[in-house]
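A look at the structure
Listed here are the chains, written in short residue letters.
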Amino acid sequence: MKRYWLSIGLYAALALTLLAPMVVAALWSLVDPKGGWFAPDILPRAVSLNHWRAIGLDRSLINSIGLSVLISLAVTALSGLLALPTAYALAKIPFRAKRAVEMFILAPLIVPGLIVGIGIGYLFFRVGLAYSVPGVILAQTIGTLPFMIRILSATLEAVPADLIHAARSLGASPLKVGLHIVAPLAWPGFIAGGMLTFVSSFEEFEKTFIVGAPQVETLTVKLWAVLGGKVMIFPNAAVVTFIVLVPTVLIFFLAERAMRNDGALAAGMGKL
Amino acid sequence: MADAVITGLRKTFGPTVAVADFSLHVAEGEFVALLGPSGCGKTTVMRMIAGITQPDRGEISVAGQRIETLMPERRNIGLVFQSYALFPHMTVARNVAFGLRMRGVPAGQIAAKVAEVLAMVDLADHGERLPRELSGGQQQRVALARAIAIEPPLLLLDEPLSNLDAKLREQLRDDLKALQRRLGITTIHVTHDQSEAMALADRVVVMNAGAIVEIGTPRRLYQTPQTRFTAEFLGHTNIIPAQVQAGLMIAPWGQVLGAAPSATGLLHLSVRPEDLGLSPSEDGVGLVTEVTFLGAEVEHRVTVGNLRLRARSSGQGAAVLPAGTKVTLSFPADLHLLAKSTAP
């Protein structure tokens, strides 16, 4: 009985925080400009696909989507590459002041993106990285790195040290231990970290805007432009919102499927 | 010759001395147990031999080759862990084959060797299972098979039986011993379990606080321990202080225990509970305070003055004396003295 109420509560929370805003956004994207949508109406007077059509005709949107995917892929790869050694050290090598280093690594999560953005925006302007795709990739990586390091180090920590010692004693070099033991056991963490990084890069706005706009127009920057600067144009914004949401939903759907189907993965996660 | 020689091994962690000047020679085919309480340094010694931990100084040679500076994968040492440490994503056969694959052995030879060692541990038909589908005892046998598949000159066992329940532990202990004899593989076994060490080892190395306390055969260490630590760590014992007067050893309660080997001073005797005799007597010096029936044995706790002694008797004739009984104590003719320097 208790569990029953608990699940009702969880579903209600999910509906309130996720579904309700999405329903409103969906309605806004469908408002017929002739009819409009004003209080106290619960639903728009008329619906049409006008806004979707208008956005769809905008060629620059396709470019923005392509650029966003490209940047997110680059940020994911770069984060993984930079995070791996740090995560390994945190997980497997004992050293002095480990707690302090951990705090330092997580610090970017505490500082608002806007502040980080302004700081690096100025710096990047000085060194010539402003308004460039590499600049945006670097700026976003600053934000995604703490997540990646956290997830990877937690995953690597869960690989028992005895397994690594056993493999070494059986003649495996560190590289072969990584290939034959650590990678097969830790890959769910790598996938999880990669997906989270991809999504948070895809949705990043502040740092991208400060460093890249107006030259580098990712989807979120495009969303800002569509919002119209001084006056908000809800219907247009709602359409772009859904486009931004697509990869997020897709990725988490795929992740959920993968976790359910793969027995080895489930076992791996169970061990974690 | 596949012997192992360890000389002057030392390891400190910050201000803590984990192992201080550890030297040991293990002969070819010998089974040696490192025995001691947790934190005595026995595991650190094992990890230094395996190459998991780097010694501060000291030398390790196996089969005449210096190995202390080699990477673990170059040492060719078989390792078995308390946690089994089987690779969970590989079948039993692939686990056992791992060391051979890393050595680039041809597939045909690997298959033959895997079949051979799995048969040795009675798991011939379990090759395609995953480790999680096996019982703890079976998993540890796979770990053993994996370690001996590479035919190492030295086998290191780190508390391999500690995760198993009592019955299974005895069974696997016997299997382990039989296998070690059959292969004649030089073995170092780390344990905190004295009965395991005594049952398995040719020689036991008793360790405490990072140093070797005493080395000897299980029988020698049990019957004639040189130190109080060994006497008390291997089973139970009664330590009895005795004064030497006129060439005789006198117990604190005045009883003459026997002829003294030296002229004067205070001596310490170690008397095993099974060697201490009790007989009820109205004018006895001892008082039975507790009786425990242990199945095979009966244990009496006896207070004499401020000494608390333990006496055990076994067999059908073993008397059960109720608490409150006054008893006289009898000692074996062949009393064992502890070395003076280590007496309390």
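Residues numbered from 1 in each chain as written. Chains lettered and ligands numbered in written order. Predicted model: local features only at pLDDT ≥ 70, side-chain atom pairs only at ≥ 80, totals over all residues.

**A short note on the overall build of chain B**
Along its length, chain B carries 8 helices and 19 strands. Principal-axis analysis of the C-alpha atoms places the extent of chain B at approximately 80 × 45 × 35 Å. Counting across all 344 residues of chain B, residues that qualify as buried make up 39%. Across chain B, the fraction of contacts at a sequence separation of at least 24, relative to all contacts at a separation of at least 6, is 64%. (Helix = DSSP H or I, 4+ residues; strand = E, 2+ residues; numbered from the N terminus. Buried ≥ 20, exposed ≤ 12 C-beta atoms within 10 Å, placed from the backbone. Contact = placed C-beta atoms within 7 Å.)

**Digging into the interface of chain A and chain B**
Contacts between the two partners involve 19 residues from chain A and, on the opposite side, 17 residues from chain B. Elements with a contribution of two residues or more to the side of chain A that touches chain B: helix H7 (161–169), helix H8 (174–202) and helix H12 (263–271) of chain A. Looking at the side of chain A that touches chain B element by element, the count peaks at 7 residues for H7(A). Its residues placed into classes, the side of chain A that touches chain B shows 11 nonpolar, 4 polar and 4 charged. (Nonpolar A, V, L, I, M, F, W, Y, C, P; charged D, E, K, R; others polar.)

**Describing the domain arrangement of chain B**
All names here are of chain B. Domain parsing of chain B yields domain 1 (4–232) and domain 2 (236–342). Here domain 1 and domain 2 have C-alpha centroids that lie 39 Å from each other. Residue classes in the side of domain 1 that touches domain 2 are distributed as 2 nonpolar, 3 polar and 2 charged. (Domains from an automatic or database assignment.)

**A look at the sheet that holds strand S7 (residues 154–158) of chain B**
All names here are of chain B. Strand order in the open sheet made by the 6 strands is S6-S7-S8-S3-S9-S10, with mixed pairing throughout. In this open sheet, the two edge strands, each paired with only one partner strand, are strand S6 (77–80) and strand S10 (211–216). Strand-to-strand, the axes of this sheet are offset by a mean angle of 20 degrees, without reference to chain direction. Each of S6 and S7 touches helix H4 (residues 136–149); the most contacted strand, S6, lies at about 175 degrees to it. (Pairing = 2+ DSSP bridges. Axes fitted to C-alpha atoms, helices over the stretch in contact; angles between N-to-C directions.)

**Quick look at helix H4 (residues 98–110) of chain A**
All names here are of chain A. Its 13 residues place the ends of H4 19 Å apart at the C-alpha level, agreeing with the 18 Å of an ideal helix rising 1.5 Å per residue. Along H4, the sharpest change in direction is near 30 degrees and occurs at Phe104; proline Pro108 comes one to four residues later. With 0 of 13 residues buried, H4 lies mostly on the surface of the structure. (Expected span 1.5 Å × (residues − 1). Bend = angle between axes of the 7 residues up to and from the residue.)

**Comments concerning the confidence of the model for chain A**
Residue and element names in this part refer to chain A. Across chain A, the average pLDDT comes to 82, with 92% of residues at or above 70. Mean pLDDT across the elements of chain A bottoms out in H12 (39) and peaks in H7 (94). Here residues 263–272 is modelled with pLDDT under 50, and outside its nearest four sequence neighbours on either side it reaches 14 contacts, counting other chains as well. (pLDDT = per-residue confidence, 0-100.)

**Considerations on unusual backbone geometry**
Residue and element names in this part refer to chain B. For Ala209, which is not glycine, the phi dihedral falls at a positive 50 degrees. Look at Ala209 and you get partly exposed, because 15 C-beta atoms sit within 10 Å. Residue Ala246 is not a glycine yet carries a positive backbone phi of 55 degrees. Of note, Ala246 is situated in the loop between strand S11 (238–245) and strand S12 (248–250). Here Ala246 falls in the exposed class, since 8 other C-beta atoms lie within 10 Å of it.

**Focus: the nonpolar core**
In terms of nonpolar packing, the biggest core is built from 96 residues, with Val96(B), Ala145(B) and Leu156(B) touching the most fellow members. Leave out the neighbours within four places in its chain, and Leu156(B) touches Met46(B), Ile49(B), Ala50(B), Ile77(B), Gly78(B), Leu79(B) and Ile188(B). (Core = buried A, V, L, I, M, F, W, Y, C linked by C-beta atoms within 7 Å.)

**Digging into helix H5 (residues 166–183) of chain B**
Residues and elements named next belong to chain B. In this model, H5 (18 residues) spans 26 Å end to end at C-alpha, consistent with the 26 Å of a helix rising 1.5 Å per residue. For H5, the full list of buried residues reads Arg169, Leu172, Leu176 and Gln180. Seen end-on, H5 carries its buried residues on one side only, within an arc spanning 75 degrees. In H5, the exposed positions angled more than 90 degrees off the buried face are occupied by Lys167, Asp174, Ala178, Arg181 and Arg182. With its phi angle positive at about 60 degrees, Gly184 sits one or two positions after the end of H5. (Arc of directions from axis to C-beta.)

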